[in-house]
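# Reading the structure
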Protein chains: 2
Amino acid sequence: MSDTPRPDSAMLDRIRIVLIGTSHPGNIGGAARAMRNMGLDDLALVAPRCDPKDREAYSRASGANALVDAARVHDQLEAAVADCTLVVGASARSRHLPWPMVSPRALAENLPQALAPDGARLALVFGREDTGLTNAELQRCHQHVHIPTNPDFSSLNLAAAVQVLAYECRQAWLTASDSAADDDAAQPFGVAWDNPPASHADMERFFAHLERTLTTLAFHDPDNPRQLMARLRRLFLRAHLDSMEMNILRGILGTMDKRLRDTAPSPRRDGE
Amino acid sequence: MSDTPRPDSAMLDRIRIVLIGTSHPGNIGGAARAMRNMGLDDLALVAPRCDPKDREAYSRASGANALVDAARVHDQLEAAVADCTLVVGASARSRHLPWPMVSPRALAENLPQALAPDGARLALVFGREDTGLTNAELQRCHQHVHIPTNPDFSSLNLAAAVQVLAYECRQAWLTASDSAADDDAAQPFGVAWDNPPASHADMERFFAHLERTLTTLAFHDPDNPRQLMARLRRLFLRAHLDSMEMNILRGILGTMDKRLRDTAPSPRRDGE
């Protein structure tokens, strides 16, 4: 699924992750890895409270080192988002003055439109590990985004918050670019399958065979069928057998038939 | 949004995160924090390749220490998921034999139904940091879930993968508890069902029985298995057997066994 080349990742190229006052270099590395996994590569750091090139940053970045190296460092939020047309602050809660607030999903679903115009650019702004964004920073945002969390334990790790929002952005992009249908998702079981489906006629032949064999086995009594065949039909129809599975089941029944025939208790047969 | 008390978090209480062969204690701590942030608290570890109580685990858990402490440790996947009715493996890609595959969102959106029956329980299974899940582990799953990633950098951090799936589960739960669920639509197959789902342990006993019978029947050669049992696993896991269907299939196998035993060609037996 992820292998399918996408014609245009312009939407993702227009998303910048901005981390303000980060204390732990591991979180910068973890955020970089999360970004690159989701196809984002524009990272800006505002007044980091650690060395962004610390060994721990590279250790957590695990192959997304280039993002850490390319991260621009600014003194002020202002400089990091000057060219952005939409600035969204990640916020645990709206403080004092209520501010437009969206869920990660609603934010992401709006992005294909919001980022369509020439020159459009989004900044997703994340605050300090301990104190988040200041009121002044929150009030520079068009809107706030809140990741719904367990009210008893709501403090998300910084890299985890970046992961969730980057994931939602990628999902929205895939969905938007997919209205031109994803090949795999369009498959019956969500993945390219190895055998064609069994036809209705195949299924009916299988059920007839199954009923004969179960009758010979004296497991099924056609004069007192109760719901046995109905339950077996329901099961195998629900599974949407493919043609090879059908052949395997027919093969099992055929082998069973042969054993039952070869060993039929009476009448006594000669030869064989 | 996250402050609103929800009447019933039963759906989230029925989700277990299973980590197999984890090497880095920080990932266990990070996964525990992600879980608790999203309201999950059932963590199981299978054959960890590190000390789960290492300082680094608690450091990354950051307040979710209780989850790390309560995590049960098992030697085998089997023991960790025996009581689960739905087992889903996180997989980078379907190998060899295609297996039903869902996106994180499709998986989560199905959970309110899948976890509605009494006794229903989901295991989300995550593999090793370096090599993921083995084919044998993947073939114990009803389905696989793939987090869409950048094809140029697809290896997600383990805790980040747990974060994404736990987030999707929480979102689905919030959405479901917001809509005054239609009783029938809330059931696994879109209608009130007549029997509870079979558990993972039931399924494994059935597969073991099926393999014995097919071997006795000489339909299956354990020394040259090809993909026979994998294909049968895939078929019956996909169908999500209920407990009565399970009993019927075990009954058919038991009846066949008896016939095969009574008529075994050699050694010649007396009596009976």
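Scroll up to find the structure.
This report concerns the structure included in the present document. (Residues numbered from 1 in each chain as written. Chains lettered and ligands numbered in written order. Predicted model: local features only at pLDDT ≥ 70, side-chain atom pairs only at ≥ 80, totals over all residues.)

Below, the discussion takes up the overall build of chain A. The secondary structure content of chain A amounts to 11 helices and seven strands. Going through the 272 residues of chain A one by one, you find that 39% of them count as buried. Taking all contacts inside chain A whose residues are at least 6 apart in sequence as the whole, residues at least 24 apart take part in 83%. (Helix = DSSP H or I, 4+ residues; strand = E, 2+ residues; numbered from the N terminus. Buried ≥ 20, exposed ≤ 12 C-beta atoms within 10 Å, placed from the backbone. Contact = placed C-beta atoms within 7 Å.)

What follows concerns helix α8 (residues 158-178) of chain B. Between its first and last C-alpha atoms α8 of chain B spans 30 Å; for 21 residues at 1.5 Å apiece the expected length is 30 Å, and the two agree. For α8 of chain B, the buried fraction is high: 16 of the 21 residues fall into the buried class. (Expected span 1.5 Å × (residues − 1).)

Opposite the 55 residues of chain A that make contact, chain B presents 55 residues. Taken together, the elements giving at least two residues each to the side of chain A that touches chain B come down to α2 (25-37), α8 (158-178), α10 (228-238) and α11 (243-262) of chain A. Considering each element in turn, the side of chain A that touches chain B owes the most residues, nine residues, to α11 of chain A. A per-class count over the side of chain A that touches chain B returns 29 nonpolar, 16 polar and 10 charged. (Nonpolar A, V, L, I, M, F, W, Y, C, P; charged D, E, K, R; others polar.)

Moving on, we get to the nonpolar core. Residues V18, M35 and V125 of chain A together with V18, M35 and V125 of chain B are the most contacted members of the largest nonpolar core, which totals 126 residues. With near-sequence residues (within four places) excluded, V18 of chain A lies in contact with A44, V46, A80, V81, A123, L124, V125 and F126 of chain A. The next biggest cluster of nonpolar side chains, apart from the first, holds 22 residues, and it includes L232 of chain A together with L232, L237 and M256 of chain B. (Core = buried A, V, L, I, M, F, W, Y, C linked by C-beta atoms within 7 Å.)

Attention now goes to the sheet that holds strand β3 (residues 72-74) of chain B. Residue and element names in this part refer to chain B. As summarised here, the arrangement of the seven strands in space is β3-β2-β1-β6-β4-β7-β5, forming an open sheet in which the pairing is parallel. Bordering the open sheet on either side are β3 and β5 (101-102), each of which pairs with just one other strand. Bridge count between strand β4 (residues 86-90) and strand β7 (residues 143-145): three bridges; the pairing is parallel. Across the sheet, G89 pairs through a bridge with H144, a residue of β7. Along the sheet, α8 makes contact with β1 (15-20), β4, β6 (122-126) and β7, crossing β6 at roughly 155°. (Pairing = 2+ DSSP bridges. Axes fitted to C-alpha atoms, helices over the stretch in contact; angles between N-to-C directions.)

A few words on helix α10 (residues 228-238) of chain B. Within α10 of chain B, burial applies to L232, R233, R234, F236 and L237 of chain B. The inward-facing, buried residues of α10 of chain B abut α11 of chain A together with α9 (200-216) of chain B. Phi turns positive, to about 50°, at H240 of chain B, one or two residues after α10 of chain B.

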